[in-house]
Amino acid sequence: MRGSIGLIEVTPGSTVKDVLATADRACREAKRNPAAGLVVYEHGARVFQEHEAEMQLVQRLADGHEIEGLFLEMQPVVSLRHPHQSLNFEVLLRMADEHGSRVPTERIIRAAEHAGRMSTIDRWVLSSTLRWLDEHRDELPASQFVCVNFSGASLNDERFIHDVYTLLQQHAQVAPRLCLEITESVALHDIGNTRRFIDRVRSYGARVALDDFGAGYTSFSYLKDLPADILKIDGSFIVNMTRHPANVAIVEAIVSLAQNLGMKTIAEWAEDYDTVETLAEIGVDYVQGWALSRPVPPQRILSARSGADFITDERIRVYLDTRPVDDELAEVDWVLGQPTVPPSPASSSMSG
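Read on for a plain summary of the structure. (Residues numbered from 1 in each chain as written. Predicted model: local features only at pLDDT ≥ 70, side-chain atom pairs only at ≥ 80, totals over all residues. Heavy atoms only, no water.)

## Regarding the pairing of strand β9 (residues 264-268)
Burial of β9 is extensive: five of the five residues sit out of reach of the surface. Judged by which residues are buried, β9 turns out to be covered on both faces: K264, I266 and E268 on one side and T265 and A267 on the other are all buried. Relative to β9, strand β8 (residues 230-233) is paired through four bridges, and the arrangement is parallel. Bridge pairing links K232 to I266 in β9. As paired elements, β9 and strand β10 (residues 286-288) share three bridges and run parallel to each other. From the neighbouring strand, A267 faces β10, where its bridge partner is V287. Once the chain exits β9 it traverses helix α10 (residues 273-282) before rejoining the sheet at β10, and the crossover so formed is right-handed. (Buried < 20%, exposed > 50% of the residue type's maximum accessible area, 1.4 Å probe, protein only. Helix = DSSP H or I, 4+ residues; strand = E, 2+ residues; numbered from the N terminus. Pairing = 2+ DSSP bridges. Right-handed = clockwise from strand over helix to strand, strands pointing away.)

Here it is as structure tokens:
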């Protein structure tokens, strides 16, 4: 048997709530690093400073005032078949504190969830993205889809869901460029509600992606009830996949499943040439990760012609430009405003 232990130094004046929260963090770090087995946080350790900063952010968010310092970055999602023909990207939440320093995204999410303000932040991200797309739609002719991720808390908030429909209706001209990401675990929580949400979103021309696919206890059978357009393969299968044959086999199975259901695939967390090459050979449609591009300011997106403009690794650029392509699977069939319609079970080679 193996065990993991997290220890913290408790000083006078510490509240029970802070002690428990920091101890929990120490235990979780010890569990993530079984080789060490023991994690000790002494007074004055960086984790205590981070916890204090997080609690201050929680207080700011809980006050109910307008959330200041939020801004967006965008990470290109590059086509592996036709990198020069599309300019797709995911919108990412960022925040600067009162001193102009960047707040870690994980801290923003934890604080917002703790303060019950996650739907407020998700609403800001969606409205800001749609407004930006509206302002620059003529400058983005090659953008087929723009991914926006929603939290589980927001998707369980009826008022937030109503606001999503309202925003899509208000920005009807650019709604077909949007791809809303739903985490697989959230989608499975209530398949009936998820199906209604997907159907309504797609009625505005927008697309839907199932995010972190394969991370949980996936049941492939539920996919026939969720007409999503994209499966976004969880990054844990992609990182170092070339050194783990089992991960390659899993990703290959997901790609085959997606193709049979008429869905596209995105692999995230691609960090090197070998991974990109393997994903292309498997048949993944799009790749997102530092091997292609780190997140960039919106202005960089506007100055690009396609996802290929962001590739700095010459080996990847040459490989994608020279590899043979099966045009029958090309994403050029994706016309704006016409999301993919998965085939019925009768016409699919997959059995339910």
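Now that the structure has been shown, the text picks up again.
## Examining the pattern of salt bridges
Under the counting rule described, the total for this entry stands at twelve salt bridges. Close ionic contact of D163 with R123 constitutes a salt bridge, the shortest N to O distance being 2.7 Å. Separated by 40 residues along the polypeptide, D163 in helix α6 (residues 158-170) and R123 in helix α4 (residues 118-136) bring together distant segments of the chain. Of the residues examined, R123 reaches a relative accessible area of 22% and is grouped as partly exposed. (Salt bridge = Lys/Arg side-chain N within 4 Å of Asp/Glu carboxyl O.)

## Concerning the packing of α6 against helix α8 (residues 191-203)
Close contact between α6 and α8 brings their axes to 10 Å; oriented N to C, the two are set at 15°. One finds that α6 runs roughly parallel with respect to α8. Once α6 is placed against α8, the crossing between them reads as right-handed. In this structure, α6 uses I161, V164, Y165 and L168 to contact α8, whose residues at the interface are R196, F197, R200 and V201. Residues that form the contact of α6 with α8 fall into these classes: six nonpolar, no polar and two charged. (Axes fitted to C-alpha atoms, helices over the stretch in contact; angles between N-to-C directions. Parallel < 35°, antiparallel > 145°, perpendicular 65-115°, else oblique. Left-handed = near helix turned anticlockwise from the far one by under 90°. Contact = heavy atoms within 4.5 Å. Nonpolar A, V, L, I, M, F, W, Y, C, P; charged D, E, K, R; others polar.)

## A short note on the pairing of strand β4 (residues 88-95)
Burial analysis of β4 places eight of its eight residues in the buried class, which makes it a mostly covered element. Of the two faces of β4, both are covered, the one formed by N88, E90, L92 and R94 as well as the one formed by F89, V91, L93 and M95. Here eight bridges tie strand β3 (residues 70-79) to β4, and the two strands are oriented antiparallel to one another. Within the sheet, the bridge partner assigned to V77 lies in β4 and is N88. When β4 meets strand β5 (residues 146-149), the two strands line up parallel, connected through two bridges. Opposite E90, over in β5, you have C147 as the bridge partner.

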